[in-house]
Each structure stands twice: as structure tokens, then as C-alpha cells.
Amino acid sequence: MFRITKQFHFSASHQLSHLPADHQCARLHGHNYIVEVELSAAELDADGFVRDYHELAPLKRYIDERFDHRHLNEVLGHDRVTSEYLAKHFYDWCKQRLPETSAVRVSETPRTWAEYRP
């Protein structure tokens, strides 16, 4: 199996207001997110790629236009915007457009990652 990954970055705020008031994530706060998309294929295409990295440009546009410097609760319409939720959201978006999508990881901090992999 061949695998490729590409990272995308954006900054945004969110608030997990359903958590207890003394929980730090209940307050409005922001992160510098990293989204890492993994694509897999058993065979390479005629050019020797799983998929040409340039074909991931629509994901960059989607992130830049819809997520970067936004309040994620407003973008996604709820208050449970966790890294886990974002990983699933980006996985679903990618899978519709890039069938080789095998996983998406999202980081809020340099030491934390959430992954969605069916």
C-alpha cells in the first residue's frame, strides 16, 4: 500500500460551552490548527503517484475560505467543535472528492492530535 500525506494550516477560534465553566475549553479561545490528510492506494497511477499533490488545492481553498480566521462554532453550527469532530468533517469532505482519502488528523497544539480513520 502506498501512502502520501499533506498538511494544511489555519487559525481559528472555538468554544466548548457545554463543558463546566471552570474547564479551560469552555472559554472562547483559539488554536493554530494543522490538518493532515492521508491518501492511500494499492497501485500508483500512470505518472507514479497515489495522487498529484497539486490536486489537493481545492482542500486548501476550502480551509482558507471557510475556516481560516473564523469562529468554528459559527462555521459548523454547533458547540462541540473538537479536533475529533474536525478530523471527521475534513475526512468526509475529502473522501467525496478524493476517493483515496484514508485518514485525516487534526492538531490543536504541537503535542496533541486527533485522527479519523474508518
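Residues numbered from 1 in each chain as written. Predicted model: local features only at pLDDT ≥ 70, side-chain atom pairs only at ≥ 80, totals over all residues. Heavy atoms only, no water.

- An unreviewed UniProt entry lists the protein under the name 6-carboxy-5,6,7,8-tetrahydropterin synthase, with Rhizobium jaguaris as the source organism.
- According to its UniProt record, the protein has this under Sequence similarities (unreviewed entry): "Belongs to the PTPS family. QueD subfamily."
- Turning to the protein, the UniProt annotation filed under Function (unreviewed entry) states: "Catalyzes the conversion of 7,8-dihydroneopterin triphosphate (H2NTP) to 6-carboxy-5,6,7,8-tetrahydropterin (CPH4) and acetaldehyde." (UniProt positions renumbered as here; feature names shortened; annotations may be inferred.)

1. Some thoughts on the pattern of salt bridges
Here comes step 1: Inspection of every chain in the model, using the stated rule, returns nine salt bridges.
Here comes step 2: Linking Arg 105 and Glu 36 is a salt bridge whose minimum nitrogen-to-oxygen distance equals 3.2 Å. With Arg 105 in strand S4 (residues 101-109) and Glu 36 in strand S2 (residues 29-41), this pair connects stretches of sequence that are 69 residues apart.
Here comes step 3: Given the relative accessible area of 27%, Arg 105 is considered partly exposed.
Here comes step 4: As a salt-bridge pair, Glu 55 and Arg 51 come within 2.6 Å of each other at their nearest N and O atoms. (Salt bridge = Lys/Arg side-chain N within 4 Å of Asp/Glu carboxyl O. Helix = DSSP H or I, 4+ residues; strand = E, 2+ residues; numbered from the N terminus. Buried < 20%, exposed > 50% of the residue type's maximum accessible area, 1.4 Å probe, protein only.)

2. Re the UniProt feature "active site" (unreviewed entry) in the protein
Here comes step 1: Per the UniProt record, "active site" (unreviewed entry) is found at Cys 25, His 69 and Glu 108.
Here comes step 2: Inspection of the secondary structure assignment puts Cys 25 in the loop between strand S1 (2-14) and S2.
Here comes step 3: Ignoring sequence-local partners within four residues, the contact set of Cys 25 consists of Gln 15, Leu 16 and Leu 19.
Here comes step 4: Secondary-structure assignment places Glu 108 in strand S4.
Here comes step 5: Its relative accessible area of 18% is what places Glu 108 among the buried residues.
Here comes step 6: With near-sequence residues (within four places) excluded, Glu 108 lies in contact with His 14, His 31, Asn 32, Tyr 33 and Ser 83.
Here comes step 7: Separated by 3.3 Å, the side chains of Glu 108 and His 31 make a polar contact. (Contact = heavy atoms within 4.5 Å. Polar contact = N/O pair within 3.5 Å; in protein donor to acceptor, adjacent residues only side chain to side chain.)

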